[in-house]
Amino acid sequence: MLVVPLLSFIAVLFVVPIATMLWKGIYDAEVADLLPATTRSLALWSDEGKLPPAASLAALADDLRTLDRSGRVAELSFRMNRKRHGFRDLIERSAIRLRDEGTKLEDIDSRWSDPVSWQVLKQATEVITPDHLLNALDLDRMPDGSINRQDEGRRIYLRLLGRTILVAAIVTCICVVLGYPFAHILAAAKGKRRTVLLFVVLLPFWTSLLVRTTAWIVLLQRQGVINELLVSAGIIADRHRFALIYNFSGTIITMVYVLLPFFVLPLQAVMRGIPGQYVKAAASLGGSPIRVFQRIYLPMTMPGVAAGASLVFILSLGYYVTPALVGGRTGQLISNQIAFHIQSSLNWGLAAALGTILLALVAAMCLLLSRFAGQGRITP
Amino acid sequence: MMSQPSTENSASKPVTLRSIVKSYDGKTAVVKGIDLSVAAGEFLTILGPSGSGKTSLLMMLAGFELPSSGEIRFGDSDVSRLPPHKRNIGMVFQHYALFPHMTVGQNLAFPLQVRGYDQVEIARRVAWALELVRLAGVESRRPAQLSGGQQQRIAVARALIFRPELVLMDEPLGALDKQLREQMQEEIARLHRDLRPTVIYVTHDQSEAIALSDRVAVFDSGRISQIAPPRELYEAPASAFVATFIGENNRIPAKAVDLCPFARFVIPGDRFVSAVPIGIETKGADCCVMVRPERLHFLACQQELANSIDAVVTGVTYHGDSIRIRAEITGSTTELISRQANDGQRPVPRIGEPILLGWRTEDARAFPNTAHQHSANT
Ligand SMILES: Nc1ncnc2c1ncn2[C@@H]1O[C@H](COP(=O)(O)OP(=O)(O)OP(=O)(O)O)[C@@H](O)[C@H]1O
Ligand SMILES: [Mg+2]
């Protein structure tokens, strides 16, 4: 009974949005809503290589006229053009010509006599569609239903996904290398020293992410603090200032900074839980510091490393604000593309499909990492 | 007997501590100048109340803490500044400290692997060590799958498997229940008899110290109060602290009235008694007379013993094999405890009954009345 509020909270804020997103990735009724009669008529037609019956053609003409009267032709032509280049022009021209009573579609444009156009139209009117998911994987459904890879120039999402995974992996590795010694120092510290160190780790949580990211811009840009220092110290020439921001490296540097606490905190908690007597025992048994670290300390802290690294990796996969601000063109990640499709191109179906793929990736990683973490606890 | 690894029969080494001082904060010393020699193969117990610096001393021996001043020698070499892993010391911790992510076999193999032993020798020694602590066959289990007593045996085996010259144990039985503790005491005594390493053993359980040790060093706030074989410690304590810390003792407040030729003391109730004076220099000094309960007899008649006083029984406990009574000295509030073997002949005293308590002069010792006295190690 007492968990009802929590359950409803989870349902409203997690399950419903995620389900909606998954659904939007495969359900697209926009064209079907704009062309109700055509949709109904084409649903019955499946002959390949042949034109649909005259009734379908008449239905489309009717639908276009209706749209034209309510001024919504542009909506349709915009959506259809996403499916196939040239359709914007075809539909708009047809709509205008159809203002003359009695004009037939076949007479307006030869493409209406081509079954391929009708196949494209039929695919567009299907409300359950794999198109967005295929698109998100750089695949394309041909009018005849076969699936091909996108044209070379339009393959962007897989590359972006690869880059996202690469960035997440690099950020995680850097966090492990930088964070492990720091977590150890933090875990070993006592009293005032510990308070200060913890304060340093937690400080970022008390300032807005936006402010912190902007601070990095001040530090890293071409005329920024770091470059100025290097130039004035004579280490680099004025012409050779480092491009540290608005590119791949900017994304990496800033994300490491933002995500480092998420690695350090769980790891230091695990480290604090390890009684000092294990390390002492190992040393008294003759283990040199390096051996003790290898055989005792590292394996015992491995669950903490796995927990922290998974957290950082998974957070990196979906990271948005930082790459958007400092990533430039080469530092953009998949989530920035999702945001673009939601805010600018208004292709919500594709955004949802990309989100679905990201979600699947995260879920796969969670599974993989939990397995790895489980092993870390038992292997010597 | 057990088949021992042939590679070496560890020559146990003597340990010498010279004026060891330890201060953690640079101001107050926790260990205040310890001089101590432990013979090769000796079992020495450090016994003392909590916070008296026992663990601190052990940590310096093991190399986890550096002495603020003083010198530690193993055999002929000065090891004061040597890091722990180079000291070749076997150490047993109170909470076992078995590595939880390794099996028992891997735990035992660890000290051999870091010493570069080959696989065959490691296997042989692991089997030997398991047999040594009578736990053959648990090799592939994890420490968490063993009982507390078994874990402690493995911890002991791990500390012995590389035949160290010195074995340190810091309250190794502290986490076990009474029965298991007694059983393990016997095991440890047997292992020491068989393998003869030098052992320095820390405990605050005096019966454990007495049962196991060749010698016991009684610690009192960073100093050694007395170091002696258990029997001497019990029979001839050098200070009031040792007298009360080891075994039970009656403490009777007293004043010295005479020291030569015989020491005479006046105790509450204005009775005059005699006792062996230890470190009492002046007549009229405040002191205390100590008599152990089993040496304080309740008497049938006055003449049997040199000292006797009147008292009233305030408590009786019948133990079967012995009778323990509590009695108040007549005319005072000082309570004494007397314990006597029950021979079944005499009647058991009853509460409120007057009684006569007596002791032989050599069974009572009188100490100056300072709460803490440090004498033995200067
Ligand atoms: N690492 C340390 N830093 C500072 N003070 C310490 C440290 N270790 C021990 N002390 C202090 O030194 C004193 C002696 O401690 P120690 O642990 O040696 O006592 P002990 O005789 O082993 O006591 P116990 O029987 O309770 O284990 C204590 O007052 C303790 O607070
Ligand atoms: Mg201690």
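Conventions used here
Residues numbered from 1 in each chain as written. Chains lettered and ligands numbered in written order. Predicted model: local features only at pLDDT ≥ 70, side-chain atom pairs only at ≥ 80, totals over all residues. Heavy atoms only, no water. Buried < 20%, exposed > 50% of the residue type's maximum accessible area, 1.4 Å probe, protein only. Helix = DSSP H or I, 4+ residues; strand = E, 2+ residues; numbered from the N terminus. Near = heavy atom within 4 Å. Polar contact = N/O pair within 3.5 Å; in protein donor to acceptor, adjacent residues only side chain to side chain. Areas by Shrake-Rupley, 256 points an atom, 1.4 Å probe, with all protein chains shown as cover. Nonpolar A, V, L, I, M, F, W, Y, C, P; charged D, E, K, R; others polar. Disulfide = S-S within 2.5 Å. Patch = residues over 30% accessible without salt bridge, like charges linked within 9 Å, V, L, I, M, F, W, Y side chains within 5 Å. Salt bridge = Lys/Arg side-chain N within 4 Å of Asp/Glu carboxyl O. Pairing = 2+ DSSP bridges. 1 Å grid on protein atoms, 1.4 Å probe; cavity = no way out; pocket = protein on both sides within 12 Å on 5 of 7 lines; lining within 4 Å. Points joined across faces, edges and corners; volume = space filled by probe spheres on them. Domains from an automatic or database assignment. Expected span 1.5 Å × (residues − 1). Bend = angle between axes of the 7 residues up to and from the residue. Axes fitted to C-alpha atoms, helices over the stretch in contact; angles between N-to-C directions. Phe/Tyr/Trp six-rings, centres within 6.5 Å; stacked < 30°, edge-to-face > 60°. Lys NZ or Arg CZ within 6 Å of the ring centre and 35° of its normal. Contact = heavy atoms within 4.5 Å. Buried area = accessible area lost by both parts, 1.4 Å probe. Parallel < 35°, antiparallel > 145°, perpendicular 65-115°, else oblique. Left-handed = near helix turned anticlockwise from the far one by under 90°.

Attention now goes to unusual backbone geometry. Residue Leu346 of chain A is not a glycine yet carries a positive backbone phi of 55 degrees. A relative accessible area of 44% means that Leu346 of chain A is categorised as partly exposed. Positive phi, close to 40 degrees, is recorded for Glu171 of chain B, a residue that is not glycine. Relative to the helices and strands, Glu171 of chain B is located in the loop between strand E7 (166–170) and helix H5 (178–195).

Bringing the site of ligand 1 into the picture now. All names here are of chain B. What surrounds ligand 1 is the set Tyr24, Val30, Pro49, Ser50, Gly51, Ser52, Gly53, Lys54, Thr55, Ser56, Glu171 and His204. In the model, an oxygen atom of ligand 1 is placed 2.5 Å from a nitrogen or oxygen of the Ser50 side chain. Interatomic distance of 2.8 Å between a side-chain N/O atom of Lys54 and an oxygen atom of ligand 1. Here ligand 1 has 630 Å² of accessible area as a free molecule, and 56% of this is covered by the chains. With three residues, helix H1 (residues 54–62) is the single largest residue contributor to the shell around ligand 1. Considered class by class, the residues forming the shell around ligand 1 number three nonpolar, seven polar and two charged.

Residue and element names in this part refer to chain A. Within this structure, the stated rule accounts for zero disulfides over all chains. The thiol of Cys175 is unpaired, and the distance to the nearest cysteine sulfur, on Cys173, comes to 9.5 Å. Between Cys366, a free cysteine, and Cys175, which holds the nearest cysteine sulfur, the sulfur-to-sulfur gap is 17 Å. Classification of Cys366 by relative accessible area gives partly exposed; the value is 37%.

Residue and element names in this part refer to chain A. Together, Val3, Leu6, Leu7, Phe9, Ile10, Val12, Leu13, Phe14, Val15, Ile18, Leu22 and Leu359 line one region of the surface with nonpolar side chains, adding up to about 1100 Å² of accessible area. With respect to the secondary-structure elements, Leu22 resides in helix H1 (residues 4–26). Among the residues examined, Leu22 registers a relative accessible area of 36% and is labelled partly exposed.

Quick look at the pairing of strand E6 (residues 89–92) of chain B now. All names here are of chain B. Both faces of E6 are covered, namely the face carrying Ile89 and Met91 and the face carrying Gly90 and Val92. Direction of pairing for E6 relative to E7: parallel, over a ladder of four bridges. Residue pairing for E7: Met91 is matched across the bridge by Leu168.

Another aspect to go through is the layout of surface pockets. Remark: the empty space left among the atoms is shown by a probe the size of a water molecule rolled over them. All names here are of chain A. Counted as a void, the largest pocket has a volume near 810 Å³. Lining the largest pocket we find 34 residues, and of these Arg82, Lys83, Asn135, Gln150 and Arg154 sit closest to its centre. When residues of the lining of the largest pocket are traced back to their parent elements, those giving at least two are helix H2 (30–34), helix H5 (73–83), helix H8 (115–125), helix H9 (131–136), strand E1 (139–141) and helix H18 (334–343). When its residues are assigned to classes, the lining of the largest pocket shows 11 nonpolar, 11 polar and 12 charged. Both domain 1 (31–124) and domain 2 (164–373) contribute no fewer than three residues apiece to the lining of the largest pocket. For the second largest pocket, the lining is made up of 22 residues, of which His184, Gly276, Val279, Lys280 and Tyr297 are closest to its centre. Elements supplying a minimum of two residues to the lining of the second largest pocket: helix H10 (157–188), helix H14 (248–272), helix H15 (276–284) and helix H16 (289–317).

This paragraph deals with the domain arrangement of chain B. According to the domain assignment, chain B consists of domain 1 (15–235) and domain 2 (248–368). Placing a centre on the C-alpha atoms of domain 1 of chain B and another on those of domain 2 of chain B gives a separation of 40 Å.

To continue, consider H10 of chain A. Here H10 of chain A contains 32 residues, and its C-alpha end-to-end distance of 45 Å stays within 8% of the 46 Å for a straight helix at 1.5 Å per residue. Most pronounced at Gly179 of chain A, the bend in H10 of chain A amounts to some 35 degrees, and the proline Pro181 of chain A follows within four residues.

Now for the sheet that holds strand E20 (residues 354–359) of chain B. All names here are of chain B. The five strands are arranged E16-E20-E17-E18-E19 in an open sheet whose pairing can be described as antiparallel. Two strands bound the open sheet, and with one partner strand each, they are strand E16 (297–299) and strand E19 (335–341). Recorded for the sheet is a direction-independent mean angle of 50 degrees between the axes of neighbouring strands. Across seven bridges, strand E18 (residues 322–329) lies against E19 in antiparallel orientation. Counted as the bridge partner of Ile325 is Ser338 from E19.

All right, on to the domain arrangement of chain A then. Domain boundaries in chain A define domain 1 (31–124) and domain 2 (164–373). Domain 1 of chain A and domain 2 of chain A are separated by 52 Å when their C-alpha centres are compared.

Within the structure shown, the criterion is met by 11 aromatic pairs over all chains. Aromatic side chains Phe205 of chain A and Phe262 of chain A sit 5.3 Å apart centroid to centroid with 85 degrees between the ring planes, which places their arrangement in the edge-to-face category. Remark: Phe262 of chain A occurs in helix H14 and Phe205 of chain A occurs in the loop between helix H11 (191–202) and helix H12 (209–220); sequence separation between them is 57 residues. Classification of Phe262 of chain A as partly exposed rests on a relative accessible area of 26%. An angle of 40 degrees between the planes, with centres 6.4 Å apart, marks the rings of Phe293 of chain A and Tyr297 of chain A as tilted. Here Tyr297 of chain A and Phe293 of chain A lie together in helix H16, a separation of four residues that amounts to about one turn. For Phe293 of chain A, a relative accessible area of 34% gives the class partly exposed. On the basis of relative accessible area, Tyr297 of chain A is assigned to the buried category, the value being 11%. Directly above the ring of Phe162 of chain B sits Arg115 of chain B, whose terminal nitrogen or CZ lies 3.9 Å from the centroid.

Counting from both sides, the interface comprises 20 residues of chain A and, opposite them, 24 residues of chain B. Both sides together, the interface formed by chain A and chain B hides about 2000 Å², and carbon and sulfur atoms give 66% of it. Looking only at chain A, the three residues that lose the most surface to chain B are Ser284, Leu285 and Arg295 of chain A, adding up to 32% of its buried area. Linking chain A with chain B are zero salt bridges. At the surface where chain A touches chain B, the tally comes to three residue pairs in polar contact (both at pLDDT 80 or more). Mapped onto the side of chain A that touches chain B, the elements with two or more residues apiece are H15, H16 and helix H19 (348–378) of chain A. With seven residues, H15 of chain A is the largest single contributor of residues to the side of chain A that touches chain B.

Turning our eyes to something else, we now look at the packing of H15 of chain A against H16 of chain A. Residues and elements named next belong to chain A. Axis separation between H15 and H16 bottoms out at 10 Å; the angle between their running directions is 165 degrees. If you check the angle between H15 and H16, you find them roughly antiparallel. Crossing hand, H15 versus H16: right-handed. Of the residues in H16, those touching H15 at Tyr278, Val279, Ala282 and Ala283 are Val292, Ile296, Tyr297 and Met300.

A separate point is H16 of chain A. Its 29 residues place the ends of H16 of chain A only 36 Å apart at the C-alpha level, less than the 42 Å of an ideal helix rising 1.5 Å per residue. Its maximal kink placed at Leu298 of chain A, H16 of chain A deviates by approximately 45 degrees, while the proline Pro299 of chain A follows within four residues.

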